[in-house]
Amino acid sequence: MPARAEVTQARRIVVKVGSSSLTTAAGGLDPARLRALVDVLAAARAAGGEVVLVSSGAIAAGLAPLGLTRRPSGLPAQQAAASVGQGLLVHRYTEELRRHDIVVGQVLLTHDDVTRRAHYRNAAQTFDKLLELGVLPIVNENDTVATGEIRFGDNDRLAALVAHLVKADLLVLLSDVDGLYDGRPSDPGTSLVPEVVSADDLDGLRIGRTGAAGLGTGGMQTKVQAAQIATGAGIPVILTSAAQAGEALAGDPVGTLFRPTGRRRSTRLLWLAHATEPKGTLVLDAGAVAAVTQRGASLLAAGITGVTGRFIAGDPVDLVGPDEVVLARGLVNFDAEELPRLLGRSSGDLKAELGAGYEREIVHRDDLALL
């Protein structure tokens, strides 16, 4: 079969590898697996490509040195393991990539780093400079200081968003399964899905949520969600096993290819939609729903019928219709305590009674992402 053009024509590639593909069953790093992955990444670089690696494995790598036999459930223990393991993980990558004369740069991200305007611009500029200098960036969520729970499958989503942030031509998701199947891969009669063109191709598939090795936090469901984020932003995705990474990056038809379903979007709005946690909810009437979703308008006070949550100006909030279905997420321009007296009122009335500062939009269209 011919090589995949999506791969052979890709210049900038983001590769994500899961914990189970890098570690032993006991939780420590597997030197042979990591070395094999590094050799594949180095070959992609030698062929003229630029590579960004999003690597899980910090928590798993920290288990053995701390005398832990399994991934802890408590956040402080997870953060302690990440603190110990992150250094071990990057040191191993550094040593292995040195064999290929490749310099490593560590990039630890939090959601604030890429949702706040100044931060995400700085993150993009940092990636561009690292790649310009020939560095291979290794990315992970900053688990050690994360303020919320280390969420299920977060690095899969992180990889999709990083692919958009760095303007990648391709995202490759590597795990311990060689692609997307139409059922459990171990069940008789199931088969590999070689290509996904649209969401319709996923109808009827049983997509599991747990990894085979039990070390990572992601499963097939999170990988499919990550693929949908990336393809919805115009980036093709290959999902396959770490064992087939070399074939995948050579363009061989292995694993599952997810074809782009949309065009590239504003990086900031993509992060707003997929990397923020809403602090509250604004309930819209039917007219406001049409204005926001069909006409691309800003959200005005006149179209809001209810408010829930505790938030301040600049926080992300969800916009829901009368049926309580979430339509969009946006950055609100007022505190939660200010909004009740504004609801349902025209901008002109608000300006006349409260001043020009209350005439502005509740959520501006430039700070609003449809979901």
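This one's a predicted model, so the numbers in the text were calculated from it and none came from an experiment.

Attention shifts here to the overall build of the protein chain. Helices and strands together make up the secondary structure of the protein chain, namely 12 helices and 13 strands. Within the protein chain, the fraction of its 371 residues that count as buried is 50%. In the protein chain, of all internal contacts separated by at least 6 residues, the share reaching a separation of at least 24 is 72%. Just so you have it, the protein chain exposes about 16,600 Å², and 50% of that area is on carbon and sulfur atoms.

With that out of the way, let us pick up the confidence of the model for the protein chain. Per-chain confidence: the protein chain averages 87 in pLDDT, with 89% of residues scoring 70 or above. Segment residues 209-217: pLDDT under 50, and 22 contacts once partners within four positions in sequence are set aside and those in other chains are kept.

Let us now look at the packing of helix α2 (residues 31-46) against helix α4 (residues 75-98). The geometry of α2 relative to α4 is characterised by a closest axis approach of 10 Å and an angle of 55° between their N-to-C directions. Here α4 runs oblique to α2, going by the angle between their axes. The handedness of the crossing between α2 and α4 is right-handed. Residues P31, L34, R35, L37 and V38 of α2 form the contact with α4, whose participating residues are L89, R92, Y93, E96 and L97. Grouping the constituent residues of the contact of α2 with α4 by class yields seven nonpolar, no polar and three charged.

The subject of this paragraph is the sheet that holds strand β8 (residues 256-258). Across the sheet, eight strands lie side by side as β3-β4-β2-β1-β5-β7-β8-β6; this open sheet has mixed pairing. A strand with exactly one partner marks an edge of an open sheet, and here the two such strands are β3 (104-109) and β6 (195-196). In terms of strand pairing, strand β5 (residues 170-175) meets strand β7 (residues 237-241) through five bridges, oriented parallel. What sits directly across from L171, in β7, is V237. Seen against the sheet, α4 touches β1 (12-17), β2 (50-55), β3 and β4 (136-141) and runs at an angle of roughly 155° to β3.

Let's shift gears to the packing of aromatic side chains. By the definition in use, this model includes one aromatic pair. When the ring centre of F334 is taken as origin, the NZ or CZ atom of R360, which lies over that ring, is 4.2 Å away.

A separate point is helix α11 (residues 286-293). Turning to α11, its buried residues are A288, V289, A290, A291 and V292. Of the surrounding elements, those touching the buried residues of α11 are β9 (280-284), β12 (326-331) and β13 (368-370). Measuring from the side-chain oxygen of the N-cap residue of α11 to the backbone nitrogen of G287 gives 3.2 Å; that N-cap residue is D285.

What follows is about unusual backbone geometry. For D101, which is not glycine, the phi dihedral falls at a positive 60°. Position of D101 among the secondary structure elements: in the loop between α4 and β3. Unlike most non-glycine residues, E324 shows phi in positive territory, near 70°. Structurally, E324 is set in the loop between β11 (316-320) and β12.

This paragraph deals with a nonpolar patch on the surface. Taken together, the side chains of L66, L68, V84 and L88 define a hydrophobic patch exposed on the protein surface, amounting to about 270 Å² of accessible area. Within the element layout of this structure, L88 appears in helix α4. Overall, L88 belongs to the partly exposed group, its relative accessible area being 40%.

Within the largest apolar cluster, 44 residues are counted, with the highest numbers of intra-cluster contacts made by V14, F127, V139, V162, L171, L180 and F258. When contributions to this core are tallied by element, the ones reaching two or more residues are β2, β3, α6 (117-132), α7 (154-165), β5, α8 (220-232), β7 and α10 (267-274). No other element matches α7, which puts seven residues into this core. Counting 32 residues, the second largest nonpolar core, distinct from the first, contains V17, L34, L89 and L170.

About the cut-offs
Residues numbered from 1 in each chain as written. Predicted model: local features only at pLDDT ≥ 70, side-chain atom pairs only at ≥ 80, totals over all residues. Heavy atoms only, no water. Helix = DSSP H or I, 4+ residues; strand = E, 2+ residues; numbered from the N terminus. Buried < 20%, exposed > 50% of the residue type's maximum accessible area, 1.4 Å probe, protein only. Contact = heavy atoms within 4.5 Å. Areas by Shrake-Rupley, 256 points an atom, 1.4 Å probe, with all protein chains shown as cover. pLDDT = per-residue confidence, 0-100. Axes fitted to C-alpha atoms, helices over the stretch in contact; angles between N-to-C directions. Parallel < 35°, antiparallel > 145°, perpendicular 65-115°, else oblique. Left-handed = near helix turned anticlockwise from the far one by under 90°. Nonpolar A, V, L, I, M, F, W, Y, C, P; charged D, E, K, R; others polar. Pairing = 2+ DSSP bridges. Phe/Tyr/Trp six-rings, centres within 6.5 Å; stacked < 30°, edge-to-face > 60°. Lys NZ or Arg CZ within 6 Å of the ring centre and 35° of its normal. Polar contact = N/O pair within 3.5 Å; in protein donor to acceptor, adjacent residues only side chain to side chain. Patch = residues over 30% accessible without salt bridge, like charges linked within 9 Å, V, L, I, M, F, W, Y side chains within 5 Å. Salt bridge = Lys/Arg side-chain N within 4 Å of Asp/Glu carboxyl O. Core = buried A, V, L, I, M, F, W, Y, C linked by side-chain atoms within 4.5 Å.

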